[in-house]
Each structure stands twice: as structure tokens, then as C-alpha cells.
Amino acid sequence: MRHSETLDKLAMALVQARGKMRPIHKDASNPHFRNSYASLAAISEAATPALLEQGVMVIQSGGAADEAGTEVITRLQHVSGEWIETSVRMPMDKATAQGAGSALTYGRRYGLSAALGIVADDDDDGNAASARGAWREP
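So, a few notes on the structure that sits alongside this text. Owing to the predicted nature of the structure, the values given are computational and were not obtained by experimental measurement. (Residues numbered from 1 in each chain as written. Predicted model: local features only at pLDDT ≥ 70, side-chain atom pairs only at ≥ 80, totals over all residues. Heavy atoms only, no water.)

### Quick look at the overall build of the chain
Selection criterion: Going along the chain from the N terminus, every DSSP run of H or I of four or more residues is numbered as a helix, and every run of E of two or more is numbered as a strand. Each residue is placed in one exposure class: buried if its accessible area under a 1.4 Å probe, protein chains only, is under 20% of its type's maximum, exposed if it is over 50%, and partly exposed if it falls in between. A contact between two residues is defined here by any heavy atoms of the two lying within 4.5 Å. The Shrake-Rupley method, run with a 1.4 Å probe sphere, supplies the accessible areas, and residue values consider only the shown protein chains as cover.
The number of helices and strands found in the chain is four helices and six strands. The linear arrangement of helices and strands in the chain, starting from the amino end, is β-α-β-β-α-β-β-β-α-α. Relative to its 138 residues, the chain shows a buried fraction of 38%. Taking the intrachain contacts of the chain between residues at least 6 apart in sequence as the baseline, contacts between residues at least 24 apart amount to 55%. About 8400 Å² of surface is accessible on the chain, with carbon and sulfur atoms providing 53% of the total.

This is how it looks when you write it as C-alpha cells:
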């Protein structure tokens, strides 16, 4: 994780926003793993109004990428200039535009959930990630 030199204003804003976030509904399912999860849209819909009310904006972008995967960067930016930034590297099933798009969407969902401390998936005790060895933070 990277962050600005100070975090006191951002930390207070995040505490206030977290207390006002709407419940997140698991609105999607993965029939392969038989689990439910909250889509990126559901997470954003639940979190964005509370964040904006506290002067916090979410910025997400792609980072370093190659045929094996792509990095997704999530930044929480406060109006004071304070910020926190995390990144996650997501594997790609295929080195195509669709593979990259899918990895970016998953990375945005996981990155936003982690940055905000939101549980958006059923807990599989790390089994899916462990089996593939694919999840890692750069």
C-alpha cells in the first residue's frame, strides 16, 4: 500500500463514510463455484454516495500488464489531497481484449472491496485462489 504523507483527514472521512454505506447485496452468482458475490456495480452503488458526501473519490486504473495478467490500481483520494493507493495483479485467462477486460473488472471489484473493507463474496477460505496460485499483490 502507498499513501500520502498524512492521513488524518482521509481516515476520518473513511470512518464517516463507512458508517453511512448502504448494505451491499450479492447480486451475482458464479455457477461454476456455486457462490454469490456483489458485482462491481453493486459495490459502487452502495459505497459511492457515502464516499462523495465525505469528500472521497475512488480512482481506478490499469497498471503494468503482460500476456499473463494485469495490475489494477485503486486510489481513495480525499479533497484535502490525502490519498491511499493499493494494487492487485490479476491473471488473464486469455491474452485478448476480452481477457484483459475481464481481469480489469475483477481487479476493480476486488481492489475496491479491499480498500473499503467490504465483504463482497462468499468466503471460500482461500481455496479457489490457493488452487490456482494466481492471487498476489505486486
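So, next bit.
### What to know about the packing of aromatic side chains
What counts here: Only centres within 6.5 Å qualify two rings of Phe, Tyr or Trp (six-membered ring in Trp) as a pair; their planes then separate them into stacked at under 30 degrees, edge-to-face at over 60, and tilted for everything else. Here, over-ring charges are defined by two tests on the NZ atom of lysine or the CZ atom of arginine: distance to the ring centre within 6 Å, and angle to the ring normal within 35 degrees.
Inspection of every chain in the model, using the stated rule, returns one aromatic pair. Centre to centre, the rings of Tyr106 and Tyr110 are 5.9 Å apart; their planes meet at 45 degrees, and the pair counts as tilted. With Tyr106 and Tyr110 both in helix α3 (residues 97–116) and four residues apart, this pair spans about one turn of that helix. What makes Tyr106 partly exposed here is its relative accessible area of 33%. Among the residues examined, Tyr110 registers a relative accessible area of 24% and is labelled partly exposed. The side chain of Arg75 reaches across the aromatic face of Trp83, ending 3.9 Å from its centre.

### Brief notes about the pairing of strand β4 (residues 56–66)
The side chains of a regular strand alternate, first on one face of the sheet and then on the other. Note the threshold: Pairing between strands requires that DSSP locate at least two bridges from one strand to the other.
Sheet topology places β4 next to strand β5 (residues 69–78); nine bridges connect them, and they run antiparallel. Looking at β5, one finds that Gln60 is bridged to Thr74. Here β4 hands over to β5 after two residues, the two strands then running antiparallel side by side.

### A closer look at helix α1 (residues 8–20)
Residues separated by three or four positions in an α-helix point in the same direction, a consequence of the helix having 3.6 residues per turn. Heads up, the rule is: Given the number of residues in a helix, its expected span is that number minus one, multiplied by 1.5 Å. The directions from the helix axis to the C-beta atoms are what the arc is built from.
The first and last C-alpha atoms of α1 sit 19 Å apart over 13 residues, in line with the 18 Å expected at 1.5 Å per residue. Burial in α1 covers these residues: Leu10, Ala13, Leu14 and Ala17. Buried residues along α1 cover an arc of 100 degrees about the axis, so they all sit on one side. Of the exposed residues in α1, those oriented more than 90 degrees away from the buried face are Asp8, Val15 and Gly19. For α1, the elements touching its buried residues are α2 (40–53), β4, β5, β6 (83–91) and α3.

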